[in-house]
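This is what each chain is made of:
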Amino acid sequence: MRSPVGEGRSFRSRAMGAENTIPALAIRAGGTDAAQEAGLTATAPIDAELVVRVAPDIVFVEDFMGAGMGPFQELLSNPALAEVPAVKNKRIVLLPMNEASAVAGTNLPLGYEKIMTEVHRCDAEDAALSGAKRRRLGDAPRRRAPSSPPGTRRSRVKPSSSRSAPAPQLSP
């Protein structure tokens, strides 16, 4: 799953750099930043040619200052994008600024949950399509080993000493 990410800070559509909140959350959820793969290293203007070249599966759009999809309508309605997977499969996701940006604060988990849900939905739909194609060809579907999203690896922590402090007691 690949996704360039837009922001509405001007009348021109822009892709966010990987150091920004939405791309970082999408990568953490298991996605790949298509804008980064296209060579964008910082937030920069994008056009239809770039979107066609990177062919994202999902486009996350930040609802900057309540502008909604307005700043992106011209770009996303460009006929050249008709076969781009995100546009063709209607995977354009508007994310509230107060849930998926640097100003989200304690609402950030809500934005991450929305991003993760979309990434996993996209992966599941793609897997279902791949499975259907294999079945038509007579091949048995393959199962992948389950994996954890980046940053969720379990590890054991050894105590620093054999003595441990007693657990604090809470009074009723």
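Described below are features of the structure shown in this document. (Residues numbered from 1 in each chain as written. Predicted model: local features only at pLDDT ≥ 70, side-chain atom pairs only at ≥ 80, totals over all residues. Heavy atoms only, no water.)

### Focus on the overall build of the protein chain
- Within the protein chain, the secondary structure is distributed over 6 helices and 5 strands.
- Secondary structure elements of the protein chain occur, N-terminal to C-terminal, as β-β-α-α-β-α-β-α-α-β-α.
- Counting only contacts in the protein chain whose residues sit at least 6 apart along the sequence, the fraction spanning at least 24 positions is 71%.
- Taken as a whole, the protein chain presents about 11500 Å² of accessible surface, with 54% of it coming from carbon and sulfur. (Helix = DSSP H or I, 4+ residues; strand = E, 2+ residues; numbered from the N terminus. Contact = heavy atoms within 4.5 Å. Areas by Shrake-Rupley, 256 points an atom, 1.4 Å probe, with all protein chains shown as cover.)

### Observations concerning the pattern of salt bridges
- All chains considered together, the criterion is met by 5 salt bridges.
- The partner of Arg91 in a salt bridge is Glu125, and the shortest N-O contact between them spans 2.5 Å. Remark: Glu125 occurs in helix H6 (residues 108–137) and Arg91 occurs in the loop between helix H5 (85–88) and strand E5 (92–96); sequence separation between them is 34 residues.
- On the basis of relative accessible area, Arg91 is assigned to the buried category, the value being 8%.
- Given a relative accessible area of 35%, Glu125 falls into the partly exposed group.
- The partner of Lys114 in a salt bridge is Glu99, and the shortest N-O contact between them spans 2.6 Å. Of the two residues, Lys114 sits in helix H6 while Glu99 sits in the loop between E5 and H6, which places them 15 residues apart along the sequence.
- Linked by salt bridges that have partners in common, Arg91, Glu125 and Asp126 make up one network. (Salt bridge = Lys/Arg side-chain N within 4 Å of Asp/Glu carboxyl O. Buried < 20%, exposed > 50% of the residue type's maximum accessible area, 1.4 Å probe, protein only.)

### Description of helix H1 (residues 21–28)
- Buried residues of H1: Ile22, Pro23, Leu25 and Ala26, and no others. Buried residues of H1 fall within an arc of 160° about the axis and therefore sit on the same side.
- Just beyond H1, the residue with positive phi is Gly30, at close to 110°. (Arc of directions from axis to C-beta.)

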